[in-house]
Structure formats: structure tokens, C-alpha cells
Amino acid sequence: MAFELPKLGYAYDALEPNIDARTMEIHHSKHHNGYTNNLNNAIAGTDLEGKSIEDILTNLDMNNGAVRNNGGGFYNHSLFWEVMNPEEKGYLSGELKDAIVDAYGSVDAFKEAFAKAAGTRFGSGWAWLCVHKGGKVEVCSTLNQDNPLMPGVSCGGAPILGLDVWEHAYYLNYQNRRPDYVQAFFNVINWNEVERRYAEAK
């Protein structure tokens, strides 16, 4: 069965003023849709057809550029939409908060580390919060559409929070002010979803 563009759980304008409606519409309906279609074309007629995206990426041949770029683009954006939701965002709490404080000393220090990973990623890429088996968390970043599920990429573990720092994710509203976009992202994180992913992955 072919991969399908996931529907958003909120309207394109729901994240304003942090992320504008026009950017959301273009990002979801054009960019993510393009990755979805290209991924389906790349795996059609191969032994990857019918596998889950997680299985495809975990066992990826990193020299397969079409699946690496488009599979990553499909997975990364699918996670990105779900870890944002201003209406159901909840609060950072419980075991996830404890794990973050254990790893970084404080929530503010974690935010600084995450913002640094996003702000210093040269060119296009992503910033991640990942969880390792046992519950230890780690911040890292990846190039282009790579993600921590892929073999030998960055911090490994299961990504539970991801921020797109490609220019198409923020340039209409923020232009070259990527740090402002990163700070705005903290206002729309759906911590309930991130905590659910943490509990599932650890």
C-alpha cells in the first residue's frame, strides 16, 4: 500500500503568529506531498514496497539517495506536524521532564541545547530530541532529510521531537532570522504527543 500524505490535526492558521498559515499550507500541501509521491515512486516494484517507513529507514541503504531523501522527508514531516498543536500542547512534565533535567540540568538548558542544534545546523536539516532504550534523552541535528533512525546518523535512538530548519519552513515569515523561528517553535510544541512518544520508545 502506498504512503499517503497525512492530514493535519489542525488548520493551517492554527499555529499563528508563531508559524504563518501560508508557510504551513505550502509546506504541507507542496513540500510534504512531493516527498510522499517521490517516496512511493522510489519504492514501487522493490522489496521495500509494503514495509513501514520506520522499517525502511532503520534498514536503509544510505547510498539509495531517492529513498534516503524522500523517505526521510516523508517521515520527518509526519512527525513534525504531530509534535505541534497549540490546542493540545499540555506541559512538559513527568518522566520526560525528569529525563531532560537528568541529561541537561534544567529545562532551560535543554531548550538552549536544542536551539543551538537548530541554529548551528549549516544549510538545511533538522534538530532532534531522541530517546535511547532505557529512557536517556539526547539532542542532535541532521543534514538535509536525514534522521536518527537511519544507520550511522547522528545520535541514534528514537526521535520524539523534531524541528525543520530548511528555509522553506520559515523564510516567508522569518527570512534569515532562524533563531526567532526556533524560539517560536517552543510556543507550539505538543508536549502531550512528545511524552507519548517518549513512553513508547523508552
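Residues numbered from 1 in each chain as written. Predicted model: local features only at pLDDT ≥ 70, side-chain atom pairs only at ≥ 80, totals over all residues. Heavy atoms only, no water.

Caption draft 1: Spotlight on the state of the cysteines. Under the counting rule described, the total for this entry stands at one disulfide. For the unlinked cysteine cysteine 130, the closest cysteine sulfur is that of cysteine 155, found at 3.4 Å. (Disulfide = S-S within 2.5 Å.)

Caption draft 2: Looking closely at the pairing of strand S3 (residues 158-164). With six of its seven residues buried, S3 lies for the most part within the structure. Pairing of strand S1 (residues 125-131) with S3 involves six bridges; the strand directions are antiparallel. Residue pairing in the sheet places leucine 129 in a bridge with leucine 161 of S3. (Buried < 20%, exposed > 50% of the residue type's maximum accessible area, 1.4 Å probe, protein only. Helix = DSSP H or I, 4+ residues; strand = E, 2+ residues; numbered from the N terminus. Pairing = 2+ DSSP bridges.)

Caption draft 3: Representation of the side chain of asparagine 85. Assignment of secondary structure puts asparagine 85 in the loop between helix H3 (65-82) and helix H4 (94-104). Judged by relative accessible area, asparagine 85 falls into the buried class, the value being 6%. Within the structure, asparagine 85 has its side chain in polar contact with the backbone nitrogen of glutamate 87 (distance 3.0 Å). Not counting residues up to four positions away in its chain, the partners in contact with asparagine 85 are Gly9, Tyr10, Val188 and Asn190. (Polar contact = N/O pair within 3.5 Å; in protein donor to acceptor, adjacent residues only side chain to side chain. Contact = heavy atoms within 4.5 Å.)

Caption draft 4: Helix H1 (residues 21-43), seen in detail. Between its terminal C-alpha atoms H1 stretches 32 Å, which fits the 33 Å expected from 23 residues at 1.5 Å a residue. Taken as a whole, H1 carries its principal kink of about 30° at histidine 27. Among the residues making up H1, those that are buried are Ala21, Thr23, Met24, His27, His28, His32, Tyr35, Thr36, Leu39, Asn40 and Ile43. Looking at the buried residues of H1, the elements they touch are helix H2 (53-58), H3, S3 and helix H6 (171-174). Where H1 terminates, the next one or two residues include glycine 45, which has phi positive at roughly 75°. (Expected span 1.5 Å × (residues − 1). Bend = angle between axes of the 7 residues up to and from the residue.)

Caption draft 5: Region of the structure containing the environment of leucine 5. Tracing the backbone through its elements, the reader meets leucine 5 in the segment before H1. Between the C-alpha atoms of leucine 5 and asparagine 173, which are 168 residues apart in sequence, the distance is 24 Å.

Caption draft 6: Fine view of the pairing of S1. Judged by how many residues are buried, S1 sits mostly within the fold: seven of seven residues are covered. Here S1 shows two buried faces, one formed by Gly125, Ala127, Leu129 and Val131 and the other by Trp126, Trp128 and Cys130. Sheet topology note: the S1/strand S2 (residues 137-143) ladder contains seven bridges and is antiparallel. In the strand pairing of S2, alanine 127 is matched with serine 141. Between S1 and S2, which pair antiparallel and follow one another directly, the connecting turn spans five residues, one of which, glycine 134, has a positive phi of 105°.

Caption draft 7: Spotlight on the pattern of salt bridges. Under the defined criterion, the tally for this structure stands at eight salt bridges. Put simply, Glu82, Glu193, Arg196, Arg197 and Glu200 are held in one network by salt bridges that share partners. (Salt bridge = Lys/Arg side-chain N within 4 Å of Asp/Glu carboxyl O.)

Just distances and angles here, no functional claims.
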